[in-house]
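So you can see what is in the structure, the chains are spelled out below.
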Amino acid sequence: MNPVKKSTNKSTIFIFVLAFILPVILAKVALDNDWFNQAATNKGELMQPALDMTSLQGGLKEPKWKLLYVLPEQCTEACENALYSVTQVHSALGKESDRAEVVVLAHAQSDSEQLAQIKEQPHYRLLNTNLDTLNQVFDGASTQGVFIVDTLNNIILRYPLYINTEDAILHSRDILSDMRKVLKLSRIG
């Protein structure tokens, strides 16, 4: 056989193998070094691991998605903005709003004035609990924020609170976006 042809065959095979192996090696290096976004589309902070709030449920049988807020000892501007935001997000869900509900968790030290106002509102579901149970559920995680709870009572996403009303309204769009996604992807609730 001609030595030039043998050399050409070897280089062709080498180029062919390199064309398939090099992209795989580059992809592995890129993923290991976090050079690319991991395709996360949620706007809220993912709770790792998800927190199980079944012990707080009070015997509800109907599975629904929940917008959860834990009422603090003092209801400041951030608290009022959070309550307003979850109400607006629930309303903005439109025809899907019957698949979700707004849940406010209260404990013995929760702001009594705000608690009285919440009891008068028809669009809130109030769950009373004690601090020990609340601390067990959150297991060291912060209770400050707005949370999305799935139909299996797992707290899956957390959103920060905002003191400025305009910021709270602006960032409530993130909650709405994530709620719409989970309702679209879920057949339950």
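Summary of the structure given here. These figures come from a predicted structure and were not determined experimentally.

As for helix 4 (residues 131–138)
Stage number 1. Among all positions in helix 4, only Thr133, Leu134, Val137 and Phe138 are buried. Each buried residue of helix 4 lies within a common arc of 125° when the element is viewed along its axis, so the set occupies one face. Within helix 4, the exposed residues directed more than 90 degrees away from the buried face are Asp132 and Gln136.
Stage number 2. Where helix 4 is buried, its residues meet strand 1 (45–52), strand 2 (65–70), strand 3 (100–106), strand 5 (146–149) and strand 6 (154–159).
Stage number 3. Regarding helix 4, its N-cap is Asn130, as a side-chain oxygen of that residue lies 3.3 Å from the backbone nitrogen of Asp132 further along.

Here we look at the side chain of Asp178
Stage number 1. As for its position among the elements, Asp178 is in helix 5 (residues 165–185).
Stage number 2. Within polar-contact distance, the side chain of Asp178 engages the backbone nitrogen of Gly44 at 3.0 Å.
Stage number 3. If we ignore the near neighbours within four places in the chain, the residues touching Asp178 are Thr41, Asn42, Lys43, Gly44, Ile148, Leu157 and Tyr159.

Overview of the packing of helix 2 (residues 77–92) against helix 5
Stage number 1. Helix 5 packs onto helix 2 with a crossing angle of 40° between their chain directions and a minimal axis gap of 9 Å. Judged by the inter-axis angle, helix 2 sits oblique to helix 5. Handedness of the helix 2/helix 5 crossing: right-handed. Between helix 2 and helix 5, the residues in contact are Asn81, Tyr84, Ser85, Val89 and Ala92 and Thr165, Ala168, Ile169, Ser172, Ile175, Leu176, Met179 and Arg180, respectively.
Stage number 2. Looking at the contact of helix 2 with helix 5 residue by residue, the class counts come to 8 nonpolar, 4 polar and 1 charged.

Looking at the state of the cysteines
Stage number 1. If you walk through the whole model with that rule in mind, you get 1 disulfide.
Stage number 2. Between the sulfur atoms of Cys75 and its disulfide partner Cys79 the distance amounts to 2.0 Å. Across the disulfide from Cys75 to Cys79, rotation about the S-S bond amounts to roughly -85°, and the bridge is consequently left-handed.

Examining the sheet that holds strand 6
Strands belonging to one sheet form pairs held by backbone hydrogen bonds; the direction of such a pair is parallel or antiparallel.
Stage number 1. Read across the open sheet, the 6 strands follow the order 1-6-5-2-3-4; overall the sheet is mixed. Of all strands in the sheet, those bounded by a partner on one side alone are strand 1 and strand 4 (124–128). On average, each strand axis in the sheet is inclined to that of its neighbour by 30°, with strand direction left out of account.
Stage number 2. Against the sheet, helix 2 makes contact with strand 2, strand 3, strand 4 and strand 5, and its axis sits at roughly 170° relative to strand 2, the strand it touches most.

Regarding the environment of Gln74
Stage number 1. Structurally, the position occupied by Gln74 is in the loop between strand 2 and helix 2.
Stage number 2. The exposed category is assigned to Gln74, whose relative accessible area is 59%.
Stage number 3. For the pair formed by Gln74 and Leu93, sequence separation is 19 residues and the distance between their alpha carbons is 29 Å.

Focus on the pairing of strand 5
Stage number 1. Residues of strand 5 alternate between two faces, with Val146 and Ile148 on one and Phe147 and Val149 on the opposite face, all of them buried.
Stage number 2. For strand 2 and strand 5, the ladder comprises 4 bridges, and the chain directions are antiparallel. When the sheet's bridge partners are listed, Tyr69 is paired in strand 5 with Val146.
Stage number 3. With 4 bridges joining them, strand 5 and strand 6 adopt antiparallel strand pairing. Paired with Val146 across the strands is Tyr159, a residue of strand 6.
Stage number 4. Here strand 5 folds back onto strand 6 in antiparallel fashion, the turn holding 4 residues, of which Asn153 has a positive phi close to 65°.

About the criteria used
Residues numbered from 1 in each chain as written. Predicted model: local features only at pLDDT ≥ 70, side-chain atom pairs only at ≥ 80, totals over all residues. Heavy atoms only, no water. Buried < 20%, exposed > 50% of the residue type's maximum accessible area, 1.4 Å probe, protein only. Helix = DSSP H or I, 4+ residues; strand = E, 2+ residues; numbered from the N terminus. Arc of directions from axis to C-beta. Contact = heavy atoms within 4.5 Å. Polar contact = N/O pair within 3.5 Å; in protein donor to acceptor, adjacent residues only side chain to side chain. Axes fitted to C-alpha atoms, helices over the stretch in contact; angles between N-to-C directions. Parallel < 35°, antiparallel > 145°, perpendicular 65-115°, else oblique. Left-handed = near helix turned anticlockwise from the far one by under 90°. Nonpolar A, V, L, I, M, F, W, Y, C, P; charged D, E, K, R; others polar. Disulfide = S-S within 2.5 Å. Pairing = 2+ DSSP bridges.

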